[in-house]
Amino acid sequence: MPIFQPVARISEKRGKHTKLIVKLGVLPALLEIWNSSDKDWAESSAHKEACGILHYIVLSGPHTIQAIVDAGLFPELITSLSDDESNMKSDIIDVLCDVTNYGSFRQVKYLVDQEVVSALCSFVADSFCVGGSDDVVLVTRALECLGEILGSIEKNDTALIGRILRSMNEEGDRETLENIAAMGSDAGPTARGIIDSYFVGEFYFVDVHDLMEQFGVPYEEYRDLL
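**Some details on the state of the cysteines**
Here is the idea: a disulfide is a covalent bond, and it sits between the sulfur atoms of two cysteines.
Step number 1: Enumeration according to the criterion identifies zero disulfides in this entry.
Step number 2: Cysteine 97 takes part in no disulfide bond, and the closest cysteine sulfur to it belongs to cysteine 145, at a distance of 3.2 Å.

**Notes on helix 7 (residues 73–80)**
Step number 1: By the burial criterion, the buried members of helix 7 are Leu73, Phe74, Leu77, Ile78 and Ser80. An end-on view of helix 7 places all buried positions within 160 degrees of arc, on one side of the element.

**Concerning the nonpolar core**
Step number 1: Within the largest apolar cluster, 65 residues are counted, with the highest numbers of intra-cluster contacts made by Leu27, Phe74 and Met168.
Step number 2: With ten residues, helix 11 (residues 133–156) is the largest single contributor of residues to this core.
Step number 3: Contact partners of leucine 27, with chain neighbours within four places excluded, come to Val22, Leu54, Ile57, Ala67, Ile68, Ala71 and Leu73.

**A look at the packing of helix 7 against helix 8 (residues 89–102)**
Step number 1: Closest axis-to-axis distance for the helix 7/helix 8 pair is 9 Å, and the angle between their directions is 130 degrees. Relative to helix 8, the element helix 7 lies oblique. By crossing handedness, the relation of helix 7 to helix 8 is classed as left-handed. Contacts between helix 7 and helix 8 involve Phe74, Leu77, Ile78 and Ser80 from the first element and Lys89, Ile92, Val95, Leu96 and Val99 from the second.
Step number 2: Its residues placed into classes, the contact of helix 7 with helix 8 shows seven nonpolar, one polar and one charged.

**Some points on unusual backbone geometry**
Step number 1: Non-glycine residue glutamate 115 carries a positive phi angle of around 70 degrees.
Step number 2: Tracing the chain through its elements places glutamate 115 in the loop between helix 9 (105–113) and helix 10 (116–130).

**Observations regarding the side chain of aspartate 173**
Step number 1: Along the chain, the position of aspartate 173 falls in helix 13 (residues 173–182).
Step number 2: Although aspartate 173 is buried, it forms no salt bridge, and the closest oppositely charged side chain is arginine 174 at an N-O distance of 9.9 Å.
Step number 3: Excluding residues within four positions of it along the chain, aspartate 173 makes contact with Cys121 and Met168.

**Side note on the confidence of the model for the protein**
Step number 1: Here the protein averages 79 in pLDDT, and 73% of its residues register 70 or above.
Step number 2: Averaged pLDDT values over the elements of the protein bottom out at 44 in helix 1 (residues 5–11) and peak at 96 in helix 9.
Step number 3: A low-confidence stretch, residues 1–15 stays under pLDDT 50, and its non-local contacts, those more than four residues away or across chains, total 28 contacts.
Step number 4: Contacts from residues 203–208, a stretch scored under 50 in pLDDT, to residues over four places away or in other chains number twelve contacts.

Rules of the game
Sequence positions are assigned chain by chain, starting from 1 and proceeding in written order. Local features in this predicted model are restricted to residues whose pLDDT is 70 or higher, and side-chain atom pairs enter the listing and the counts only when it is 80 or higher, whereas totals over whole chains, interfaces and linings include all residues. Neither water nor hydrogens contribute to the side-chain values; these are computed over all heavy atoms in the structure. Note on disulfides: each one is a pair of cysteine sulfur atoms within 2.5 Å. For the exposure calls, accessible area comes from a 1.4 Å probe over protein chains only, and a residue counts as buried if that area is under 20% of its type's maximum, exposed if over 50%, partly exposed in between. Working definition: helices are DSSP H or I runs of at least four residues, strands are E runs of at least two. Numbering for both runs from the N terminus. The arc in question is the one traced by the directions running from the helix axis out to the C-beta atoms. Within this scheme, the nonpolar core is defined by two criteria: the residues are buried Ala, Val, Leu, Ile, Met, Phe, Trp, Tyr or Cys, and they are joined through side-chain atoms within 4.5 Å. Residue contacts are counted whenever heavy atoms from the two residues lie within 4.5 Å of one another. Angles shown run from 0 to 180 degrees and are taken between the N-to-C directions of axes, each axis being a line fitted to C-alpha atoms and, for helices, limited to the stretch in contact. For classification purposes, an angle smaller than 35 degrees is called roughly parallel, one larger than 145 roughly antiparallel, one from 65 to 115 roughly perpendicular, and anything else oblique. For a crossing to be left-handed, the near helix must be turned anticlockwise from the far one by less than a right angle; the clockwise case is right-handed. Under the grouping applied here, Gly and all other residues not named as nonpolar or charged are polar, the nonpolar ones being Ala, Val, Leu, Ile, Met, Phe, Trp, Tyr, Cys and Pro and the charged ones Asp, Glu, Lys and Arg. The charge count includes Lys and Arg as positive and Asp and Glu as negative, but it does not include His or the ends of the chains. Each reported salt bridge corresponds to a side-chain nitrogen of Lys or Arg within 4 Å of a carboxyl oxygen of Asp or Glu. Values of pLDDT, the confidence the predictor places in each residue, fall between 0 and 100.

Laid out in structure tokens, this is it:
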């Protein structure tokens, strides 16, 4: 039995059981897995169990999510999305999505500060170029995660969503979304949903947003005109 399976089973209980394993120091052990130089071991079932434990810890809410933040695990997960050798990307994306559903806005913003939007966009672009049915399923999930993060930011920080959208436009991420939507894959509707929600009339985000801020025009007032 892999070493983390008993811990994973306890974490499934959630509530006080999950808080207990966090208190007992499981998070530094999980960080050690990600930092392990023994890639064969780290990418084995132990790594899979580690993602499962993080999943249940996140489901327990903001308090335990903050423990993951404090342990420094999220930057490692986000970086792993760009690791061509990682086989944990689906699990990592699920954990990141869970934060948007069970965490606080401050914790979602922390993910943004750790470049999660850029990592997800790069992952989508790279995976979509590779193609294949498995990739399409994973691309769709990554797009859903991206959409949830953008939605949370939009509700809570209008200046930040403007900066994120301008950056996505400048980095070619909007073009990637357009390409996915235009090619008729199963990921297309999700990509189109993000485009319609945030990039229809993107001229206003890219060229007029700063001007509107200078004149004190609320973001919501001119977004409704798009």
